[in-house]
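Topology and contacts: notes
Single-letter residue listing:
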Amino acid sequence: MPNSVPKKISNQTLTKREATKERIYNSAISLFRKEGYEPATMRRIAKEARVSLGLTYYHFKTKEEIVLHFYRESQIDVKQLATQFFKTTKDFKARLKFIILTQLESFSDYKIFLQVLARHAGDPSHSLSPFSPETILIREEAVGIIRDALETSSLKIRDDLAVILPELLWMEQMGLVYFWLSDSSKSYINTKLLMNDSLELTFKLIKLSNFPLFKNVMGPILRMFRLVKANPIAKK
């Protein structure tokens, strides 16, 4: 499990411009952690990074862009670690648990400022909402990690469920993340307990989906899924 934030913009040798961008990014994330998201102005970020305000705006037009970059870097780390873990087991449930716990671990040092950002989660028109047009690539990448975990696992499920399951499980993962943000238990044990119970229920339903009688249940599930996907904002 990762125990530090995604810090680097690239693992390759950085050019001077890339190094400057990385310094601004790391300075901003450090300020978000120490002082919170709202108080950390772009001017304050520039001062912390020891660069001009104009240069800061050249690399990141807004604080929101910095946060989106944080999300992308976090996603890259999770994908790399998950890809390695997938080589150790084909059990889809174990893989999904690993993805969720790895994501929480990557966020663990940034809980305070993520709590502030969570206020915008329910507003899909806000750029930092996980359901906004601005986060669509990050969202698709997250769903893609789960899809890869499913398609290369030993789990056998009906084709129509396999198409929508990764996105449904991503929504479940998001629910656990938002529960975790308010979880004050030691080592977020309550979140882990909730994850275990919710996945236990989820996988029992997945197992039942292979029975012919479940066909009557799949109809409403597919209709609800199509309704959510047809949301105008989600399609932007």
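Structure report, in brief. Being a predicted model, the structure only gives us computed values, none of them experimental.

Quick notes on the rules
Residues numbered from 1 in each chain as written. Predicted model: local features only at pLDDT ≥ 70, side-chain atom pairs only at ≥ 80, totals over all residues. Heavy atoms only, no water. Helix = DSSP H or I, 4+ residues; strand = E, 2+ residues; numbered from the N terminus. Buried < 20%, exposed > 50% of the residue type's maximum accessible area, 1.4 Å probe, protein only. Contact = heavy atoms within 4.5 Å. Areas by Shrake-Rupley, 256 points an atom, 1.4 Å probe, with all protein chains shown as cover. Core = buried A, V, L, I, M, F, W, Y, C linked by side-chain atoms within 4.5 Å. Salt bridge = Lys/Arg side-chain N within 4 Å of Asp/Glu carboxyl O. Phe/Tyr/Trp six-rings, centres within 6.5 Å; stacked < 30°, edge-to-face > 60°. Lys NZ or Arg CZ within 6 Å of the ring centre and 35° of its normal. Expected span 1.5 Å × (residues − 1). Axes fitted to C-alpha atoms, helices over the stretch in contact; angles between N-to-C directions. Parallel < 35°, antiparallel > 145°, perpendicular 65-115°, else oblique. Left-handed = near helix turned anticlockwise from the far one by under 90°. Nonpolar A, V, L, I, M, F, W, Y, C, P; charged D, E, K, R; others polar.

1. Concerning the overall build of the protein
When its secondary structure is counted, the protein shows 11 helices and zero strands. Here the protein holds 236 residues, and 43% of them are scored as buried. Contacts in the protein between residues at least 24 apart in sequence constitute 67% of all its contacts with a sequence separation of at least 6. Of the roughly 13100 Å² of accessible surface on the protein, a fraction of 57% belongs to carbon and sulfur atoms.

2. Here's the deal with the nonpolar core
In terms of nonpolar packing, the biggest core is built from 60 residues, with F32, I66, F70, F113 and L114 touching the most fellow members. Tallying contributions element by element places helix α8 (residues 159-181) first for this core, with 10 residues. Once residues within four sequence positions are removed from consideration, L114 is found in contact with F70, Y71, F107, W180 and L181.

3. A closer look at the environment of F86
Here F86 is to be found in helix α4 (residues 63-86). Of the residues examined, F86 reaches a relative accessible area of 9% and is grouped as buried. Once the C-alpha coordinates of F86 and F98 are considered, the two residues, 12 residues apart in sequence, prove to be 9.3 Å apart. Sequence-distant contacts of F86, defined by excluding residues within four places in its chain, comprise R95, I99, I145, D148 and A149.

4. Quick word on the pattern of salt bridges
As enumerated under the stated definition, the model contains six salt bridges in all. Its salt-bridge partner being E35, residue R44 comes within 3.0 Å of it at the nearest N-O pair. E35 sits in the partly exposed class, given a relative accessible area of 34%. Across the pair R44 and E48 runs a salt bridge whose closest N-O atoms are separated by 3.4 Å. Taken together, the residues span about one helical turn, with R44 and E48 both in helix α2 (residues 42-49) at a distance of four residues. We classify E48 as partly exposed; its relative accessible area is 26%. One network of salt bridges, in which partners are shared, links K34, E35, R44 and E48.

5. Some thoughts on the packing of aromatic side chains
In total, this model carries 11 aromatic pairs according to the counting rule given. Judged by centre distance (6.2 Å) and plane angle (75°), the ring pair of Y110 and F113 falls under edge-to-face. For the pair Y110 and F113, one class covers both residues: buried. Seen from their ring centres, W180 and Y188 are 6.4 Å apart, and the 85° between their planes marks the pair as edge-to-face. Members of the aromatic cluster, connected to one another through ring pairs, are F32, Y37, F70, Y71, F107, Y110 and F113. Seen from the ring of W180, K111 lies directly overhead, with NZ or CZ sitting 4.9 Å from the centre. Positioned above the aromatic ring of Y188, the side-chain terminus of K192 is 4.8 Å from the ring centre.

6. Brief notes about the environment of R147
Within the fold, R147 resides in helix α7 (residues 136-151). With a relative accessible area of 26%, R147 lands in the partly exposed category. Here the alpha-carbon distance between R147 and W170, two residues 23 residues apart in the chain, equals 9.7 Å. Setting aside anything within four residues of it in sequence, one finds R147 in contact with A162, V163 and P166.

7. A few points about helix α1 (residues 16-35)
In this model α1 runs 28 Å from its N-terminal to its C-terminal C-alpha over 20 residues, within 8% of the 28 Å that 1.5 Å per residue would give. Looking at the buried residues of α1, the elements they touch are α2, α3 (53-59), α4 and α6 (111-117). G36 lies just past α1 and shows a positive phi near 95°.

8. Digging into unusual backbone geometry
Of note, S187 is a non-glycine position whose phi angle comes to about 55°, a positive value. For S187, the location among the structural elements is in the loop between α8 and α9 (189-208).

9. Focus on the packing of α7 against α8
Between α7 and α8, whose axes approach to 9 Å, the crossing angle comes to 120°. Judged by the angle between their axes, α7 and α8 are oblique. The two elements α7 and α8 cross, and the hand of that crossing is right-handed. Listed contacts from α8 to R139, A142, V143, I146, R147 and L150 of α7 are A162, V163, L165, P166, E167, L169, W170 and Q173. Residue classes in the contact of α7 with α8 are distributed as 10 nonpolar, one polar and three charged.

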